[in-house]
Amino acid sequence: QVQLVESGGGLVQAGDSLRLSCAASGRTLSRYVMGWFRQAPGKEREFVAGIKRIFSSTYYADSVEGRFTISGDNAKNTVNLQMNSPKPEDTAVYYCAADENGYTPSSDYVDYAYWGQGTQVTVSS
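Each value, and the rule that gives it
Residues numbered from 1 in each chain as written. Predicted model: local features only at pLDDT ≥ 70, side-chain atom pairs only at ≥ 80, totals over all residues. Heavy atoms only, no water. Pairing = 2+ DSSP bridges. Helix = DSSP H or I, 4+ residues; strand = E, 2+ residues; numbered from the N terminus. Buried < 20%, exposed > 50% of the residue type's maximum accessible area, 1.4 Å probe, protein only. Salt bridge = Lys/Arg side-chain N within 4 Å of Asp/Glu carboxyl O. Contact = heavy atoms within 4.5 Å.

(A) Fine view of the pairing of strand 7 (residues 68-73). As paired strands, strand 7 and strand 8 (residues 78-84) are joined by 6 bridges and run antiparallel to one another. Directly across from Gly72, in strand 8, lies its bridge partner Val79. If you look at the hairpin formed by strand 7 and strand 8, you'll find 4 residues sitting between the two strands, and Asn77 has a positive phi there, around 55 degrees.

(B) View of the pairing of strand 8. Within strand 8, 6 of the 7 residues are buried, leaving the element largely enclosed by the surrounding structure. Direction of pairing for strand 3 (residues 17-25) relative to strand 8: antiparallel, over a ladder of 7 bridges. By the bridge assignment, Leu18 is partnered in strand 8 with Met83.

(C) Seen up close, the pattern of salt bridges. Considering all chains together, one arrives at 3 salt bridges under this definition. Across the pair Asp90 and Arg38 runs a salt bridge, and its minimum N-O distance is 2.8 Å. Of this pair, Asp90 sits in the loop between strand 8 and strand 9 (92-99) while Arg38 sits in strand 4 (residues 33-39), and the two are 52 residues apart along the sequence. On the accessibility criterion, Asp90 (1% relative accessible area) is buried.

(D) A look at the environment of Ala98. Along the polypeptide, Ala98 turns up in strand 9. Note: C-alpha distance between Ala98 and Tyr109 (11 residues apart in sequence) is 9.9 Å. When neighbours within four sequence positions are excluded, Ala98 is seen to be in contact with Val2, Leu4, Tyr32, Val33, Met34, Tyr112, Ala113 and Tyr114.

Structural data, given as structure tokens:
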């Protein structure tokens, strides 16, 4: 079983940048399909980005394509989300999640068995 802890959230101005990190204990993250999701107040949890096992191919929601980058760091056993040019509509609680059974990152949150506690990202205009 893997335990996930997110960090790096906070208040940022639109157009700046922010880097979220998901640290793991218990297992090596590169053996999982990893995803970043977010949930804004009153909205469904939505897929943001995902990365395949051994940190190979990456996948993005249309809303963040070209602005956000997901990456894995084997040495630190982390999965990171670099958020460039954030917009106020990116404001949400961001969660990292691990799927031990899938092949490609699913956009459906029910496919992920392990979750972090979330980190708040607030983008001001």
